[in-house]
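Reading the structure
Listed below, chain by chain, are the residues.
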Amino acid sequence: MNAPIRRIGIVVAAMFCALLMSSTLIQFVQAKDLRERPGNRRTLLASYSKERGSILVGGNAVAVSKEADDTFKWQRTYPQAKMYAPVTGYYSFTYGAGRGIEGSYDDLLSGSSDSLFYRRLVDVVTGRPPAGATLELTVDPAVQKAAWDALGNQRGAVVALDPKTGAILAMVSKPSYDPNLLADHDLPKVSKAWSTLSTDQDHPLTNRAINGNLYPPGSTFKLITAAAALESGQYTPASELDAPAELDLPQTSVTLPNITGKECGPGGKDNLKHALKISCNTAFGSLGMALGQDKLRSQARKFGYGQSVTVPMRVTPSIFPATLNEPQLAQSAIGQFDVRATPMQVAMVSAAIANGGKEMTPYLVKNVRDSDLDVIDSTDPQEFAKPISGQTASQLNDMMQAVVDGGSGRKAKIPGMKVAGKTGTAQTAKGKAADVWFTGFAPADNPRVAVAVVVEDGGTMADEASGGIVAAPIAKKVMEAVVSR
Amino acid sequence: MSTVTTHVTKTRRNTELVLLAFAIGIVLLAYANVGMAVQDTVPADLGTLGIGIGVLALVFHLVLRWRAAYADPLLLPIATLLNGLGLVMIHRIDLAKGEDISEGFALRQLEWSALASIAAMVLLVLIKDHRLLSRYTFTLGLTGLGLLLLPLLPVIGKNVNGSRIWIGFGGFNLQPGEIAKITLTIFFAAYLVQTRDALSLVGRRVLGFPLPRARDLGPIMIAWLASLGVLVFQKDLGSSLLFFGLFVAMLYVATERRAWIAIGLTLFAVGTVVAWKLFAHLQERVTLWLDPFAPGQSDQIAKGLMGMAAGGMFGTGLGQGRPEETYYANSDFIMTSFGEELGLIGVMALLVLYALIVERGLRTGIGARDGFGKLLATGLAFSLALQVFVVVGGVTRVIPLTGLTTPFMSAGGSSLLANWVIVALLLRISDQARRPDVQESGNASIGQDETQVVKVR
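Residues numbered from 1 in each chain as written. Chains lettered and ligands numbered in written order. Predicted model: local features only at pLDDT ≥ 70, side-chain atom pairs only at ≥ 80, totals over all residues. Heavy atoms only, no water.

1. Description of helix 13 (residues 371–395) of chain B
All names here are of chain B. When the terminal C-alpha atoms of helix 13 are compared, their 36 Å separation across 25 residues agrees well with the 36 Å that a helix rising 1.5 Å per residue should span. Taking burial as the measure, the 25 residues of helix 13 include 25 buried ones, the bulk of the element. Arg397 sits one or two residues past helix 13 and shows a positive phi near 65 degrees. (Helix = DSSP H or I, 4+ residues; strand = E, 2+ residues; numbered from the N terminus. Expected span 1.5 Å × (residues − 1). Buried < 20%, exposed > 50% of the residue type's maximum accessible area, 1.4 Å probe, protein only.)

2. A short note on the packing of helix 4 (residues 106–126) of chain B against helix 14 (residues 413–434) of chain B
Residue and element names in this part refer to chain B. Where helix 4 meets helix 14, the closest approach of the two axes is 8 Å, and the angle between their N-to-C directions is 30 degrees. For the element pair helix 4 / helix 14, the angle class is roughly parallel. Classified by chirality, the crossing of helix 14 by helix 4 is right-handed. Here Gln109, Trp112, Ser113, Ala116, Ser117, Ala119, Ala120, Leu123 and Leu124 of helix 4 lie close against helix 14, whose contacting residues are Gly413, Leu416, Leu417, Trp420, Val421, Ala424, Leu425, Leu427 and Arg428. Considered class by class, the residues forming the contact of helix 4 with helix 14 number 13 nonpolar, 4 polar and 1 charged. (Axes fitted to C-alpha atoms, helices over the stretch in contact; angles between N-to-C directions. Parallel < 35°, antiparallel > 145°, perpendicular 65-115°, else oblique. Left-handed = near helix turned anticlockwise from the far one by under 90°. Contact = heavy atoms within 4.5 Å. Nonpolar A, V, L, I, M, F, W, Y, C, P; charged D, E, K, R; others polar.)

3. Brief notes about the sheet that holds strand 6 (residues 134–137) of chain A
What links the strands of a sheet is backbone hydrogen bonding, and the strands pair in either a parallel or an antiparallel sense. Residue and element names in this part refer to chain A. Strand order in the open sheet formed by 6 strands is 3-2-1-6-16-17, with mixed pairing between adjacent strands. Pairing within the sheet leaves two strands with one partner each, and these edge strands are strand 3 (74–77) and strand 17 (375–378). Direction aside, the axes of adjacent strands within the sheet are offset by 25 degrees on average. Most of the contacts of helix 4 (residues 81–88) go to strand 2 (residues 60–67), to which it runs at about 90 degrees, and overall it touches strand 1 (55–57), strand 2 and strand 6. (Pairing = 2+ DSSP bridges.)

4. Description of the confidence of the model for chain B
When pLDDT is low, close inspection of the predicted coordinates is not appropriate. Chain-level pLDDT for chain B is 85 on average; 91% of the residues reach the 70-or-more range. When pLDDT is averaged over each helix and strand of chain B, the minimum, 69, is found for strand 3 (residues 172–174) of chain B and the maximum, 95, for helix 12 (residues 334–367) of chain B. (pLDDT = per-residue confidence, 0-100.)

5. Things to note about the packing of helix 13 of chain B against helix 14 of chain B
Residues and elements named next belong to chain B. Remark: helix 13 packs on helix 14, axes separated minimally by 10 Å, with the N-to-C direction vectors making an angle of 145 degrees. With respect to the hand of their crossing, helix 13 and helix 14 are arranged in left-handed fashion. Touching Gly373, Leu376, Ala377, Leu380, Ser383 and Leu384 of helix 13 are Asn419, Ile422, Leu425, Leu426 and Ile429, all from helix 14. Here the residues of the contact of helix 13 with helix 14 sort into 8 nonpolar, 3 polar and no charged.

This is the structure we're talking about:
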């Protein structure tokens, strides 16, 4: 019987070899694929058990991981929850790293980014537990707070930029949400919070400053129309424009009226500078038709309409319609019809004018620091475009100062300082209160901040609202927060 | 049957003692490691536990010195090591679920380990010669069959995870199949030793291949039908495979006829194909085997694979992985738990330990001087090998997952008891195989007598 026992031994050896091979296949050959499979809870949990980098604003964390006494090991907390939610985004076990910096720079914060390779190597050698990179933002806490407080309980958004660099000084969107609810480790509670937030009619998860359904820019678009006119070389701020009480639109029986119902100047004529100052609809409607849609569209595109920008969150491209008939062109020239813009885009237009025609790419992350807070990477300001000449910029600057000085934007005036601006009151639908705007910069002679403010449906003023009444005071407070230093 | 050519004179008991100390040292180190990793302290009961296990192992060692001085020196240390590591892993998974030693499975498993090893010692003391067992051939055979059928009875039979292989009374659960495995192996060995001559006779040749006589097909058909019965009525693919594979292997060893393997494999193929066509739960198993990640089905294999992948080459370290993410992490899937925390090298080490036990068992079979001992040792060793193959192969996708306990490591009393009894029997046979026997040496054994009478019934 010994020969068959030996043969059984060979069979047993073969069986064990099969097991050794299969486990090698799983734990060595396929290990990486299996680890990276979506739905691998272990990998998810592992990313949780590593200290995630903080997000800093003015030296204080607005998103930080604290040691937790549970399976997740680290609890992500947002000390100033709602005010910074559009900036930070959230970090949720169930819903992942979403929106804001958390979503856009997940690889840096979690420490898995390739740019941290050298750091990780050092950590392995020194035996230090690996940690994600810390991100230092451009946001100025005082400006953010001013914008947050000034907007009050109204729905809308505020963006403040440093026109010289493109650094985002404030980014506020209301209503906001508390990312702590989504970062909680009580998962049923999280999913409840999520369904409440995601079905809320007011869309608190949406960052209105860069995404959202986009707003008609209304009269703030007149800046672009004016820029196109000045850039064409056929117009100066003193050029006479047709400015009747109502502008007859060709091909239709509809007219484009002034809000006041009066002509903008004696004899139904007005010059470009004054038309901007009082936000004369008929003057800009006729100017738009005179320039033609190609010039207008091209000027809008140069400012960034239709172009994709990341800050690092992706900004929804603003829209200037592709084809227009004459009445639609007249409407578009005053920022109505199908023209749509993000507050970020509107702020970029002001910033370009403020910066002598040089438009800077907006950015939110100033420095990337490793866990020792040594700077690994810092953002260099970059030029986005040169949509207008220096001369056009200074002419527009001058015209915008007139708007604040004695025009529709008087409420944005800061004592002892020249402020430039433009109001907007955009009709969205019949019977619905307008979305009101203000965009501008200060100080006008040496700009340090450019802002865009939008308040949905007239805010607390509802039907009585206009950009000059509701949005301008908010912009004033935001600009003051910058220039008061 | 060939004669024993090795002339072993050393008992190797001292080797066993050193290896035993090593085994216990590794287990205690692993236990301390888990405590440090999970609770940041060396467990307070490390000393008590160490003394407890040490005393138990020492007593076992002394029993061997007293009653089986020539027994194989590797079996006890390896069984102790596997049992101990299993305990540590079960305890570690208890901790992950937030259960301390008084709430989880670990204490129960510890009690069972003690009980099982004491049972093994008692067996060694009581049974001085394994040939005694062959006197009770049919009693043991019937007991085995009865135990196998027990879970099918109403009231005490229990359905657990779709298989009806448990019995329970008063909060006390047992898998009688584990014990049946041993009594049936003894029965097979005794029966086949008696009938092997008849079974090795050649009937007609088919395509030049010598087949047994048709009338001798009876036993294999009965074994086949019984295995199918287990599969159909208890829905236990693993046990079915184990019993039939074991029977065919022993039949082959007893008769030295490869025809039996061919017949066995054919019957096995027919049985599985028919069963696969008929039963939805088998089809599910096969689909799960082919694509463990397909949506809409159980993710138990997938979770085990991800656990092993998380461990990679060197593992996360004991207490630092997440084996509790896998279902049955402390029983059928305990190998993936080790794969996660000890890595590929840990899995390989464990597989080698199993292979060593099996190898020592087969060697005992070769060394044994009586046909019954040879068949019994081979059968027991092969059943261990088959069981490891079926359960580890199931979780590593070599074969469809069937659900068997992992010998010595799975949480569960009946399995531990059965495996320690196997160790006791192997120790007993190996003692006789290695003992320099003055009285019998030189005598030709009966099997080699060329004028022996062949019983043809």
